[in-house]
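In case you want the letters, here they are:
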Amino acid sequence: MRWGVFVVFLFVAIVLDTAFMQVFAVRGIWPAATPGLVTFVALYAARGQALWAAVLAGFLVDCTSTSLAFFDGVWPYQMIGPSILGFVVGTQLVLPLRSMVIRKNPLSLGLVTALFGLIAMLVTTAIFSARGWYAGTQPPWAGNSSALGHMGNEALRAIASGAFAVLLAIPFNTSLGAFGFAGTSPWSPRR
């Protein structure tokens with residue numbers, strides 16, 4: 001995998017997620033492009049490269065997410081780690097699935113991205129719930145809803161991200177050569 005190409009695509013996805021994707025919001029739910037990119041890389045890259053790509057993407061999501069910002073008085077600070085762990089666990093789910101799906105099919109990318117997002121949501125919600133047990137800390141959903149309400153919204157967001165990944169599959173599949181991915185991989189010679 002060519003890391004320079006991945007970083008460019010990752011920065012484009014992060015900028016889309018932070019500045020543009022809210023345009024598609026329906027009742028406060030909008031898709032994200034970053035899970036689709038991480039899932040695409042996990043479908044084609046070697047195991048170690050896919051996991052490091054998930055760590056890098058999760059780090060940037062943690063740094064740029066406004067919903068994960070906490071306030072200490074008037075100063076916001078970001079909690080680094082929940083999205084990293086969620087993306088790594090989601091990638092661990094995708095790695096065994098890549099030999100079972102037709103990787104160039106846009107619907108496969110959409111379905112696997114939705115599964116990736118659901119697993120990442122479970123991990124991040126568990127981390128924020130555990131952190132909320134400490135005195136003086138609150139999870140991001142403390143003022144708006146319960147943990148189940150938050151999980152429902154995030155599950156809908158994961159499904160929306162999967163639907164958006166179907167559209168992202170077209171530019172991703174045309175850029176296989178730029179990423180340095182071959183049409184076939186050692187673990188799946190038929191696909």
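Note: the structure precedes this text.
Heads up: these notes are all about the structure in this document. (Residues numbered from 1 in each chain as written. Predicted model: local features only at pLDDT ≥ 70, side-chain atom pairs only at ≥ 80, totals over all residues. Heavy atoms only, no water.)

### Structural notes on a nonpolar patch on the surface
For clarity, the cut-off: Each patch is assembled from residues with relative accessible area greater than 30% and no salt bridge, linking like charges that lie within 9 Å and nonpolar side chains (Val, Leu, Ile, Met, Phe, Trp, Tyr) that lie within 5 Å. Surface accessibility follows the Shrake-Rupley procedure with a 1.4 Å probe radius. Residue values consider only the protein chains on display as shielding. One side-chain nitrogen of Lys or Arg within 4 Å of one carboxyl oxygen of Asp or Glu is enough to make a salt bridge. Strands here are runs of E lasting at least two residues and helices are runs of H or I lasting at least four, both read from the DSSP assignment and numbered beginning at the N terminus.
Taken together, the side chains of Phe20, Val23 and Phe24 present a nonpolar region at the surface, about 290 Å² in accessible area. By the secondary structure assignment, Val23 is in the loop between helix 1 (3–19) and helix 2 (34–44).

### Observations concerning helix 4 (residues 82–97)
Rules: Expected helix span is computed as 1.5 Å times (number of residues minus one). Only protein chains enter the accessibility calculation, which uses a 1.4 Å probe; a residue whose area is less than 20% of its type maximum is buried, one above 50% is exposed, and one in between is partly exposed. In what follows, residue pairs with any heavy atoms lying within 4.5 Å of each other are defined as contacts.
Compared with the 22 Å implied by 1.5 Å per residue over 16 residues, the 23 Å span of helix 4 between its first and last C-alpha is a close match. Among all positions of helix 4, only Pro82, Ser83, Ile84, Gly86, Phe87, Gly90, Thr91, Val94 and Leu95 are buried. Against helix 2, helix 3 (47–64) and helix 5 (106–131) lie the buried residues of helix 4.

### Quick word on the packing of aromatic side chains
Note the threshold: Stacked, tilted and edge-to-face are the three classes applied to pairs of Phe, Tyr and Trp rings, where Trp contributes its six-membered ring and a pair requires centres within 6.5 Å; stacked means planes under 30 degrees apart, edge-to-face means over 60, and tilted covers the rest.
Taken as a whole and judged by the stated rule, the model has 11 aromatic pairs. The interplanar angle of 45° and the centroid separation of 4.8 Å between the aromatic rings of Phe9 and Phe179 together place this pair among those described as tilted. Of the two residues, Phe9 sits in helix 1 while Phe179 sits in helix 7 (residues 176–179), which places them 170 residues apart along the sequence. These aromatic residues form a ring-pair network of at least three members: Phe9, Phe40, Tyr44, Phe172, Phe179 and Phe181.

### Description of the nonpolar core
For clarity, the threshold we go by: Throughout, nonpolar core names a set of buried Ala, Val, Leu, Ile, Met, Phe, Trp, Tyr and Cys residues whose side chains join them through atoms within 4.5 Å.
Ranked by internal contacts, the top residues of the largest apolar core, which has 38 residues, are Phe6, Leu37, Phe40, Val41, Phe87 and Phe181. Those elements that place two or more of their residues in this core are helix 1, helix 2, helix 3, helix 4, helix 5, helix 6 (147–174) and helix 7. Here Phe181 is in contact with Met1, Phe40, Val41, Tyr44, Ala45 and Leu176, once residues within four sequence places are set aside.

### With respect to helix 5
Note the cut-off: Pairs of N or O atoms within 3.5 Å make up the polar contacts considered here, provided that, within protein, one atom can donate a hydrogen while the other can accept it, and that residues adjacent in sequence are counted only when both atoms are side-chain atoms.
Counted at 1.5 Å a residue, the expected span for helix 5 with its 26 residues is 38 Å, and the 37 Å between its end C-alpha atoms agrees. The opening residue of helix 5, the one whose side-chain oxygen lies 3.1 Å from the backbone nitrogen of Leu107, is Asn105.

### Comments concerning the environment of Asp62
Looking at where Asp62 falls in the secondary structure, it is placed in helix 3. By relative accessible area, which is 0% here, Asp62 ends up buried.

### What about the packing of helix 2 against helix 6?
So the rule is basically this: Every angle, taken between N-to-C directions, lies between 0 and 180 degrees, and every axis is a line fitted to C-alpha atoms, over only the stretch in contact when it is a helix. Every angle not falling under 35 degrees, over 145, or within 65 to 115 is termed oblique; those three ranges are roughly parallel, roughly antiparallel and roughly perpendicular. Rotating anticlockwise by less than a right angle from the far helix to the near helix defines a left-handed crossing, while the corresponding clockwise rotation defines a right-handed one. Residue polarity is assigned by list, with Asp, Glu, Lys and Arg as charged and Ala, Val, Leu, Ile, Met, Phe, Trp, Tyr, Cys and Pro as nonpolar; anything else, Gly included, falls into the polar class.
Interhelical geometry of helix 2 versus helix 6 gives an angle of 55° and a closest axis separation of 10 Å. In terms of axis orientation, helix 2 runs oblique to helix 6. Read as a crossing pair, helix 2 and helix 6 show a hand that is right-handed. For the pair helix 2 and helix 6, the contacting residues are Gly36, Leu37, Phe40 and Tyr44 in the first and Ala165, Phe172 and Asn173 in the second. Of the residues in the contact of helix 2 with helix 6, the class split is 5 nonpolar, 2 polar and no charged.

### Section: the side chain of Thr34
Looking at the secondary structure, you find Thr34 in helix 2. Of note is the side chain of Thr34, whose polar atom sits 2.5 Å from the side chain of Asp17. The residues touching Thr34, leaving out its near neighbours within four places in the chain, are Leu10, Ala13, Ile14, Asp17, Ala57, Val61 and Phe87.

### What to know about unusual backbone geometry
Even without being a glycine, Arg27 presents a positive backbone phi close to 55°. Considering the arrangement of structural elements, one finds Arg27 in the loop between helix 1 and helix 2.

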